[in-house]
Amino acid sequence: MELHVTRWKRYGHDRLYANLSDGTAVGWADVTTGDITVLRTEYRDDVITVLTKHLQNLTAPIPPDMTPQADARPVLPPLTPADDLATNTPGASLRDKLDESGAGLVERVVSWLLRRPTEWESWRKGLAGERRVGAELNRLGRHGWRVLHSIPLANKVDIDHLLIGPGGVFSINTKHHHNKAVWVGDDSVKVDHGKPAPYARKSRAEAKRVARVLERYCEFPVPVEPVLVFVGVTELKVVATQLDVRVYQERQVSALAPLSDVLTADQVEQVYSVARHRQAWSKA
């Protein structure tokens, strides 16, 4: 079994992580103490062998009292009901936009008769899509997953859904294309053979943004994967060979349920406690 070793230094920690080819961590070693922790018992011998070898190849560690002090990890204030994002329903941000838009019935009917696309209609479709995907994700709770919806970021944008559980963290972007055919390539998406849309690129950027926020408050690496979920489509064709974004239709998100061995139960709770706190995202 070939394991890849990466070094991780943050918040005063210095560790070597042993990872599978897909990036899943199966063990780690503390560079200062030499202690090895095995995360997946089936890889125990390989983890110990590869990490011991890498520890021996490192130069002697700097004594702790001579180690430059890393910036102290920030601490969030006590969670208040106003800051608790766990109360957000799917599509809450879009619901607020619709309520604030004030578009009247006559205006909506005229736009529909003229087949003139409006921002209001886009929000309405988006809300319907997020509600459908949110309902599917909420069902994963019985498998040990935590779900958050409509996480507000700076610049009046939000994360549609965040799924946190034993299989890691997934930043989920919902796209509602009713009765449309969707084609997904390595770095572009086409709806009904239209112009390429940068859905995949934006999803990757969002996942990196999420990871930066979570790792700012957590004392361990937080793997975040981007996910695109298409709602109401007649066909979803994925031809990508190097795509690093998971792609599903809404009923297929249940495929995430059995994923495990990425975060421990304690880590899931710590990540969730950070992610549900509105102030963690205030400058994201």
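Analysis parameters
Residues numbered from 1 in each chain as written. Predicted model: local features only at pLDDT ≥ 70, side-chain atom pairs only at ≥ 80, totals over all residues. Heavy atoms only, no water. Helix = DSSP H or I, 4+ residues; strand = E, 2+ residues; numbered from the N terminus. Contact = heavy atoms within 4.5 Å. Buried < 20%, exposed > 50% of the residue type's maximum accessible area, 1.4 Å probe, protein only. Pairing = 2+ DSSP bridges. Salt bridge = Lys/Arg side-chain N within 4 Å of Asp/Glu carboxyl O. Axes fitted to C-alpha atoms, helices over the stretch in contact; angles between N-to-C directions.

Trainee: Outline the environment of Ala86, supporting the account with residue identities and numerical values.
Mentor: Its location among the elements puts Ala86 in the loop between helix H1 (44-57) and helix H2 (92-101). For the pair Ala86 and Leu148, spaced 62 residues apart in sequence, the C-alpha separation works out to 5.8 Å. For Ala86, the residues in contact, after removing those within four places along its chain, are Leu148, Tyr272 and Arg276.

Trainee: Which residues make up the pairing of strand E8 (residues 181-184), and what values do they have?
Mentor: Only one face of E8 is covered, namely the one carrying Val182 and Val184; the face carrying Ala181 and Trp183 has none of its residues buried. Here E8 runs beside strand E11 (residues 235-238); their pairing, made up of 4 bridges, is parallel. Looking across to E11, one finds that Val182 is bridged to Leu236. As paired strands, E8 and strand E9 (residues 189-191) are joined by 3 bridges and run antiparallel to one another. Across the sheet, the residue bridging to Val184 is Val189, located in E9. Adjacent in sequence and paired antiparallel, E8 and E9 are bridged by 4 residues.

Trainee: An account of the pattern of salt bridges is needed here, citing residue identities and associated values.
Mentor: If you walk through the whole model with that rule in mind, you get 9 salt bridges. One salt bridge in this structure joins Glu136 and Arg251, with 3.0 Å as the shortest N-O distance. Note that Glu136 is positioned in helix H4 (residues 119-138) and Arg251 in the loop between strand E12 (246-249) and helix H6 (265-275), a separation of 115 residues in sequence. The residue Arg204 makes a salt bridge to Asp244 at a minimum N-O spacing of 3.1 Å. One end of the pair, Arg204, is in helix H5 (residues 199-217); the other, Asp244, is in the loop between E11 and E12, and 40 residues separate them in sequence. One salt-bridge network, held together by shared partners, links Glu136, Arg139 and Arg251.

Trainee: Which residues make up the sheet that holds E8, and what values go with them?
Mentor: Strand order in the open sheet formed by 3 strands is E9-E8-E11, with mixed pairing between adjacent strands. Each edge of the sheet is formed by a strand with only one pairing partner; in this case those strands are E9 and E11. Within this sheet the neighbouring strands show an average axis-to-axis angle of 15°, counted without direction.

Trainee: Run through the pairing of strand E2 (residues 13-19), naming residues and quoting values.
Mentor: Counting buried residues in E2 gives 6 out of 7 residues, a clear majority hidden from the surface. Inspection of the sheet shows E2 paired to strand E3 (residues 25-30) by 5 bridges, in the antiparallel sense. Bridge assignment links Tyr17 to a residue of E3, and that residue is Trp28.

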